[in-house]
Amino acid sequence: MSLRQALGLLALVLFSLFAHAQPLTPDELPGDPLSREWMYLIESDTPLSPANAKAAFERGRFAPHGKKIPSLGIGAPPLWLALPLQNPSDTDIQLIFELANAWQDEVALYLFDQSDRMQTWYGGDRNATAEDGRFMRQSLWLPPGNHLLLLRVSGPDPRLVPVYLTNPQHANQRNRIELLSYGFLYGGLFALLGYNFILFLGIGRRSYFYYSLFLFSFILLNLSYTGHGQFWFWPGLSHWRQWSHPMLMTLYCVSGLMFALRFLGIDKLRPHLSYVVLGLAVLMMAAQGVAMATDDRELGLIFAFDFVYIFTLLMPLLGILAWQHGLPTAKLFLLASLSTMVGSCTTGLAVEGYISFNQWTYRAAEIGMFIDAMLLALALAAQFRQSEQERVLAQQLAATDPLTGIANRRAFSEQLQRLWHLDSQRRCRALIMIDIDRFKSINDTLGHEVGDKVLTDIARVIRYSIRNRDQCGRWGGEEFVVLLASASEEEAGTIAERIRHNIESLCFPAPANKLQVTASVGVCLDEGHSRHEDILRRADEAMYQAKEAGGNRIKFA
């Protein structure tokens, strides 16, 4: 016998030993999804009946599966899984079978006892009579003796088969943990969705609408692939159950890209890139529409997964671009996109068997998306706060005299009119008009720079000469105005004199160190019956009387 023949015979013996491994007892079953415990067979073009599949297992045609969760790609042929079981006790033992995946079209479960009696259960999207809840869940009773569990899974969806086979206590405990976690996930996402959609209705900013649509599409997608949607919302819609995954994956990608373009302002930063992304979104929807119109779900799934890969890479790239252009909230957007990327990669590694498959690794994509949603909500809030600060600053600049820093004529007039009507019953209000004497000669002899310095210092003097509740503004040129909210004739005279005296006492640095600045002041008291236009006119007339009398004095209207 040659060496090659000897090695081939050894391999055949080892394969036979693995293929006819000893049955597992219920105590030997793992708490995690079954992986290396399975034997598997990929069905050829000719479908196998349960009896033929059992005979194939007994003839050693099933191969040891290995260490990973059973997983095949999109459009894979039907997969048979076999698990020999043994009940060594004298009584029946109950086990809970759960296929924790709501993606498959057709699922068939067969249990043979040692007398070749068979029990059958069906599930999957195409099985209209399935009553599995959000995924296939069956109670199995094992009488004493040996048994063979056969599972057949088919359909164009990715062939991921995470099967739990545990006692009822473990199954119920795991389900309780899942219910709590999904309650927290959906509660948080719906709260963010409702809050931001209300903000959109109240403020009208489209960023909040696209963010709400992005959250809503993710919630629908999560409801679909976790089975909650078919259990709660569309239990009898068999066709939609088959198409919900690719359609909602496409909606998720499109709404996310629309939000990114709006939130990051890509249309202003890179208009051509904005058109490219919009074209990609239209292409996604059109391609998925063609796949659905032709009822080619395998093609629709290929499109959907490719779109998700492109979307997952494109979102951080858009965030980096906006960050490079100085958008402050781009950092939060980038962190949010990276959290989704890390979560999706973790889930993918768990599905492929490179890391441990458990509730946390399998649902890492959900965790990443939840972090993504919270960070994007913070980014929206930061962007809104920044825009409000810019708006307030713009209003302040529009209402402020740029040279002196006090209210300009338009802002003071609006404020005077508003306060006059709100406070129409108050008595003893006063208006003071101030004009700088011979200001034109200061500009002509010392220059406009010195003139600007004079105006700035006078505005500062006026602001510090009045009370906190009083208002002042620059009326135009070298004229200033003060509104005394409540003042008797004596109080108005005292404040006007303080303003006049403080202006006269101003000192300036060279070349204006010998400059003596004075002001003419007009005061008008209101006894509660005047209009604000009348008191402005009378105060202005009193000011001109003071100027005609030689300046540096106060005149009452």
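Residues numbered from 1 in each chain as written. Predicted model: local features only at pLDDT ≥ 70, side-chain atom pairs only at ≥ 80, totals over all residues. Heavy atoms only, no water.

A.B. asks: Would you mind showing me how to read the sheet that holds strand β5 (residues 93–99) here?
C.D. replies: What holds strands together in a sheet is hydrogen bonding between their backbones, with the strands either parallel or antiparallel. Taken together, 3 strands build an open sheet; the order of strands is β8-β5-β11 and the sheet is antiparallel. Edge strands, defined here as strands with exactly one partner in the open sheet, are β8 (137–142) and β11 (163–166). Neighbour-to-neighbour, the strand axes of the sheet open up by a mean angle of 20°, direction not taken into account. Here β5 pairs with β11 via 4 bridges, running antiparallel. Looking at the pairing, Glu98 lines up with Tyr164 of β11. Most of the contacts of helix α3 (residues 168–203) go to β5, to which it runs at about 35°, and overall it touches β5, β8 and β11. (Pairing = 2+ DSSP bridges. Helix = DSSP H or I, 4+ residues; strand = E, 2+ residues; numbered from the N terminus. Axes fitted to C-alpha atoms, helices over the stretch in contact; angles between N-to-C directions. Contact = heavy atoms within 4.5 Å.)

A.B. asks: Would you take a moment to explain the packing of helix α8 (residues 271–293) against helix α9 (residues 297–324) for this structure?
C.D. replies: A pair of packed helices can be characterised by two numbers: the angle between their axes and the separation between those axes. At a closest axis distance of 10 Å, the pairing of α8 and α9 adopts a crossing angle of 165°. As the angle between them shows, α8 and α9 are arranged roughly antiparallel. In this structure, the crossing between α8 and α9 has a hand that is left-handed. Here Leu273, Val277, Leu280, Leu283, Met284, Ala287, Gln288 and Ala291 of α8 lie close against α9, whose contacting residues are Leu299, Gly300, Phe303, Ala304, Phe307, Ile310, Leu314, Leu318 and Leu321. Of the residues that constitute the contact of α8 with α9, the class distribution is 15 nonpolar, 2 polar and no charged. (Parallel < 35°, antiparallel > 145°, perpendicular 65-115°, else oblique. Left-handed = near helix turned anticlockwise from the far one by under 90°. Nonpolar A, V, L, I, M, F, W, Y, C, P; charged D, E, K, R; others polar.)

A.B. asks: It is not clear to me how the layout of surface pockets should be interpreted in this structure. Could you clarify?
C.D. replies: Leftover empty space is mapped by rolling, across the atoms, a probe with the size of a water molecule. Considering only enclosed or pocket space, the largest pocket measures out at about 1100 Å³ in volume. Contributing to the lining of the largest pocket are 37 residues, with Phe305, Val308, Tyr309, Ser344 and Thr347 lying nearest its centre. The set of elements that each furnish at least two residues to the lining of the largest pocket consists of β3 (71–72), α4 (206–225), α6 (238–264), α9, α10 (330–352) and α12 (364–399). Across the lining of the largest pocket, the residue classes tally to 23 nonpolar, 8 polar and 6 charged. Its boundaries defined by the atoms lining it, the second largest pocket holds a volume of some 440 Å³. Every residue lining the second largest pocket is counted, 20 residues in all, and those nearest its centre are Leu261, Arg262, Gly265, Asp267 and Lys268. Contributions of two or more residues to the lining of the second largest pocket are made by α4, α6, α7 (266–269) and α8. Split into classes, the residues belonging to the lining of the second largest pocket amount to 8 nonpolar, 7 polar and 5 charged. (1 Å grid on protein atoms, 1.4 Å probe; cavity = no way out; pocket = protein on both sides within 12 Å on 5 of 7 lines; lining within 4 Å. Points joined across faces, edges and corners; volume = space filled by probe spheres on them.)

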